[in-house]
Amino acid sequence: MMGKGCWMSSFRLMDKAVKGPMISEPGNERPFQRAAPGKLTAMVAWVVMVGSLILFGLVTSPVAAQRPTPSDDEVNRLAKEMYCPVCENVPLDMCPTQACAQWRALIRQKIGEGLSDAEIKEYFVLQYGDRVLSEPPRRGFNWLIYILPPVFFIGGAVIVLNVMRTMRKNVPGTDGPEKDFLPPPDEVYLTRLEEELKRRQENDY
Amino acid sequence: MIENLGFGVLVITLIVCIYGIFASFYGLRKNSLAWVESARKAMLLTFPLITLAVISIVILLVSGRYDVQYVYNVTSNTMPLYLKITALWGGQSGSLVFWSWLLAAFTTAVTLRKWNRDREFLPWVIIIGLVTLVFFVSLVVFVENPFVRFWQTPTGGRVVSMFQPVEALLINPPDGRGLNPLLRHPGMIIHPPMLYLGFVSFVIPFAFAIAALITGRTDDRWIRVTRRWTLVAWLFLSLGLVLGSRWAYDVLGWGGYWAWDPVENAAFMPWLTGTAFLHSVMIQEKRGLFKRWNIILIILTYSLVIYGTFLTRSGVLSSVHAFAQSAIGPLFFIYLTFTMVVSLGLLLYRWSSLRSEGTMHSVLSREALFLLNNLLFMGILAVTFWGTNFPLISELFTGQKVTVGPAFYNRSAGPLFAGLLFLMGVAPLSAWGHSTVKTLGKALWKPLVGSLLVLVAMYVGGIRQWGALLALWLCALVIFITLYEYIRGVLARQRRSGEILPVALWNLASRNRRRYGGYIIHLGVVLMALGIIGIEMFQTETQATIPPGGSIQLGQYEVSFTRLDLFDTDDGRNVARATMSVSQNGRPVGDLFPRRDFYYDSGQPMTIPGVRSTLEDDLYILLVDWEPITSTGVTFKVYRNPLINWLWIGGFVFILGTLVAAWPDKDPEPTRVSVSRRNIASRQADG
């Protein structure tokens, strides 16, 4: 696992080193200054330049682009889904400690290097374990957390259905849907008797 | 002196409790009312005794007796008086004494009631109350004693002990460490007591349930007696949860109100089972069904109260291994196992006498829908319980600790909450005993059409998230149904009695407080749901570092950073306070002052947001970081939390509804609904 992570990181770095400068160079040519002959030509040149830039950016992998320093929002988007091992239950984007600030700086650096979200998370997991993720990764023992609550709920639902079925079945003397909800006469009598008794009891109080 | 008095009183309390248990058992065995009465007197004595212990702790806290370890840990010279007093529940041992005190208050109050018609419950209720009390008081006396002091031994060692070791001298530190800054908030006065009250008062219905099981009086009596106690317990727990959310929103500096933190979950789980219980007992009262299930629910609620206290008090949350290190953890575990085994054993023993009296006749009847409501509550409980405990279980079995964050809970419990909202709308329209699609549809169609119109309006208004549309539609449906129920009731009353509208409304609600109080609670829940949907689905945020004069744009808001002031306060804080001017759509709307307080005594910082609150949304600014030397850049985090205020407004409505439903009166005993053809016909005509 460790080897794979490192290999992936170094691959990304290499990728950036090869392709990065190729993109940044045209940007330095300052099209507006050079396009003296006429406004229209300048515009056309500018559009072509920017267009090719965008196209180039689309054709090559977006992670390969030399990016400006990632904004706080970009960092927080990822930090929101992570936890440092020390600050219990405080997501990384909220945590005021110095250590967490350093983690965020590291995330910023990694985003700047062009690593994807998954790669950055994997980097931290390799260093500090699964607990840095806001949810246990879906593998091995962790599957239990995702499976048990639905199993419990379905079990409960089956019990409820059964209760409903047996209760409906238990009504004696019913043979059709019309009579289904009619209690047997003795039950009506018993209920009334019970109510009467209760009322007397309450009045005694 | 005072510390010895306090400790002595606690030891006497323990002896009195144990005596009470034995007297009660002996009275039962000898069939002697005098012994039971003596046990009752013992119970009545516990409250004044623990009150003395509480007063002793408060005196120590207020007078700054830092030679007492507890006082040293939770107070400091600079803390205001109210915080010194509330520090009673600011640490482990103090809060256990506080717990015991409230428990004694409730069990004492319940023994003062008239027992004419259920005298057979009395000895058992006393025993269960006292056993719980013995457990908590012995924790304080033997494990977490708040009165232990610092001593210097002749060899130069420092020990903590209740009594003076041989030739040791008392150490009297000049100042204490002070309360955790997170707890230095006016919320400290009310939030923990409410939560604890909610916790301890669930002991009462549990005690009656167990008394019913032991005595074999398994009719509805125990439910009737405890209905109001349960509502009060539930009211306190709900208040505790709402106040806790508000406190988190004001202080914790994460822009949120609920983080599915294990400590929050510990309080939420008994609330879930308690809410399910409140609904489910109605089925038993009205239809005589599900007696066993009600007993299971109250046993579960009591166990979750103990479990919640265990989770928060044993240190097990930080690591499974802290469990073994703390003496309190294993004791809690043993007590929990003991109560569960005994109470479930009793339930099995009485299993056959707890058979349902009636039968369920239709899947759309009120009782069937309540059963579904219970299923959904249990589903949410399963998610919460498992999510809270999984990190411990994972650590135990694999050695690897994992984090279970809010995303897991939201995804798993979200649909169940939506289901509950739907049932909350539909169930009040269905009849006890029997409902058909036709009767239900007849009652439902008008509010349904209204809510669909709202749905269309929201879609046209630009909301495209299907989850949000569904949730908001459900809210609209429940609001319409609840109001429709009120209107129907008021109109019917007006027709019959000719009263004017407000009088009819007042009489309707006051004659039928349980029902209409319940509707108010439902309205409160929907309003809270609106707030939750707003912040969960529409919250936006941004963060940036700006120099003075710079500004941050978030939606229609623009916040400009004017200045940063750094100063010390008299109560031992170093404050960094930013002044931000806010404009909405280019129009200035005022200044906000987010700040960071650094507490010198405890060495911890606190982030206090600057908040502009309206019914539409909150603008919530946090001071994240700054450069003290150059003062060139200050980092702010800005949130827009739509509709969040409805969460608090809904909370008020919710509490109001619970008060309406629980206010004591001489309401007639609920009558069983017998299902006969005539009843159904008349109910259909009403609907």
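All values reported here derive from a predicted model rather than from experimental measurement.

The rules we used
- Residues numbered from 1 in each chain as written.
- Chains lettered and ligands numbered in written order.
- Predicted model: local features only at pLDDT ≥ 70, side-chain atom pairs only at ≥ 80, totals over all residues.
- Helix = DSSP H or I, 4+ residues; strand = E, 2+ residues; numbered from the N terminus.
- Buried ≥ 20, exposed ≤ 12 C-beta atoms within 10 Å, placed from the backbone.
- Contact = placed C-beta atoms within 7 Å.
- Rg over C-alpha atoms; globule rule 2.2 N^0.38 Å.
- Expected span 1.5 Å × (residues − 1).
- Arc of directions from axis to C-beta.
- Core = buried A, V, L, I, M, F, W, Y, C linked by C-beta atoms within 7 Å.
- Pairing = 2+ DSSP bridges.
- pLDDT = per-residue confidence, 0-100.
- Axes fitted to C-alpha atoms, helices over the stretch in contact; angles between N-to-C directions.

Here's the deal with the overall build of chain A
Inference 1: Helices and strands together make up the secondary structure of chain A, namely eight helices and zero strands.
Inference 2: When the helices and strands of chain A are read in sequence order from the N terminus, they spell out α-α-α-α-α-α-α-α.
Inference 3: Per-residue burial for chain A yields a buried fraction of 16% across its 205 residues.
Inference 4: Counted over contacts in chain A with a minimum sequence separation of 6, partners at least 24 positions apart contribute 54%.

Points about the overall build of chain B
Inference 1: Secondary structure assignment for chain B yields 21 helices and 13 strands.
Inference 2: Its C-alpha atoms give chain B a radius of gyration of 28 Å, near enough to 26 Å, the size a compact globule of 687 residues would have.
Inference 3: Once the C-alpha set of chain B is aligned to its principal axes, its extents read approximately 90 × 80 × 55 Å.
Inference 4: Expressed as a percentage of the 687 residues in chain B, the buried residues total 49%.

Observations regarding helix H6 (residues 117–128) of chain A
Residues and elements named next belong to chain A.
Inference 1: For H6, spanning twelve residues, the distance from its first C-alpha to its last is 17 Å, which sits close to the expected 16 Å at 1.5 Å a residue.
Inference 2: Along H6, the positions that sit buried rather than exposed are Ile120, Lys121 and Phe124. Projected down its long axis, H6 shows its buried positions confined to an angular sector of 95 degrees, all on one face.
Inference 3: In this structure, the buried residues of H6 make contact with helix H4 (72–79) and helix H5 (98–112).
Inference 4: Within two residues after H6, Gly129 carries a phi angle of roughly 95 degrees, on the positive side.

Quick notes on the nonpolar core
Residues and elements named next belong to chain B.
Inference 1: Ranked by size, the top nonpolar core spans 212 residues in total, and within it Val125, Phe208, Ala211 and Cys475 carry the most contacts.
Inference 2: Once you skip the residues sitting within four places of it in the chain, Cys475 turns out to touch Leu421, Val526, Ala529 and Leu530.
Inference 3: Ala578, Met580, Ile621 and Leu623 belong to the second largest nonpolar core, which has 17 residues in total.

Description of the pairing of strand S12 (residues 617–626) of chain B
All names here are of chain B.
Inference 1: Of all ten residues in S12, eight are buried, a share of seventy percent or more.
Inference 2: Of the pairings in the sheet, the one linking strand S11 (residues 610–613) to S12 comprises four bridges and is antiparallel in character. By the bridge assignment, Val611 is partnered in S12 with Tyr620.
Inference 3: Here S11 folds back onto S12, and the loop between the two strands holds three residues.

A few points about the environment of Thr69 of chain A
All names here are of chain A.
Inference 1: Residue position: Thr69 is located in the loop between helix H3 (39–59) and H4.
Inference 2: Judged by C-beta crowding, with 11 C-beta atoms within 10 Å, Thr69 ranks as exposed.
Inference 3: Spatially, the C-alpha atoms of Thr69 and Tyr146 are 37 Å apart, while their sequence positions differ by 77 residues.

A word on the confidence of the model for chain B
Residues and elements named next belong to chain B.
Inference 1: The pLDDT averaged across chain B works out to 88; a share of 94% of its residues lies at or above 70.
Inference 2: In this model, residues 677–687 is a region of pLDDT below 50 whose contacts with residues beyond four sequence positions or in other chains number nine contacts.
Inference 3: Reported for the predicted complex are a pTM of 0.84 and an ipTM of 0.83.

Here's the deal with the confidence of the model for chain A
All names here are of chain A.
Inference 1: Looking at chain A as a whole, the pLDDT averages 65, with 48% of positions reaching at least 70.
Inference 2: Within chain A, H6 carries the highest mean pLDDT (90), whereas helix H1 (residues 2–27) carries the lowest (34).
Inference 3: Every residue in residues 52–65 is under pLDDT 50, and counting partners more than four places away or in other chains gives 14 contacts.
Inference 4: Overall, residues 172–185 carries pLDDT values under 50, and its contacts beyond four positions in sequence, including any with other chains, amount to 17 contacts.

Side note on the environment of Tyr82 of chain B
All names here are of chain B.
Inference 1: Topologically, Tyr82 is positioned in helix H4 (residues 81–86).
Inference 2: Overall, Tyr82 belongs to the exposed group, with 11 C-beta atoms counted inside 10 Å.
Inference 3: Between the alpha carbons of Tyr82 and Ile189 there is a distance of 7.8 Å; along the sequence they are 107 residues apart.

So, the sheet that holds strand S2 (residues 158–161) of chain B
Each strand in a sheet pairs with another by means of backbone hydrogen bonds, the pair being arranged parallel or else antiparallel.
Residues and elements named next belong to chain B.
Inference 1: Judged by pairing direction, the sheet is antiparallel, and its three strands sit side by side in the order S2-S1-S3 without closing on themselves. One side of each edge strand has no neighbouring strand; the edge strands of this open sheet are S2 and strand S3 (169–170).
Inference 2: By the bridge criterion, four bridges tie strand S1 (residues 149–152) to S2 in an arrangement that is antiparallel. Bridge pairing links Phe150 to Val160 in S2.

What to know about helix H10 (residues 262–287) of chain B
Residues and elements named next belong to chain B.
Inference 1: The terminal C-alpha atoms of H10 lie 37 Å apart, and with 26 residues this matches the ideal 38 Å at 1.5 Å per residue to within 8%.
Inference 2: With 22 of its 26 residues buried, H10 lies for the most part within the structure.
Inference 3: Phi turns positive one or two residues past the end of H10, at Gly288, with a value near 70 degrees.

Observations concerning the sheet that holds S11 of chain B
Residues and elements named next belong to chain B.
Inference 1: Spatially, four strands are ordered S4-S13-S12-S11 in an open sheet, and the strand pairing comes out antiparallel. The sheet terminates laterally at strand S4 (540–546) and S11, the two strands that pair on one side only. Averaged over all neighbouring strand pairs, the angle between strand axes comes to 15 degrees, with direction disregarded.

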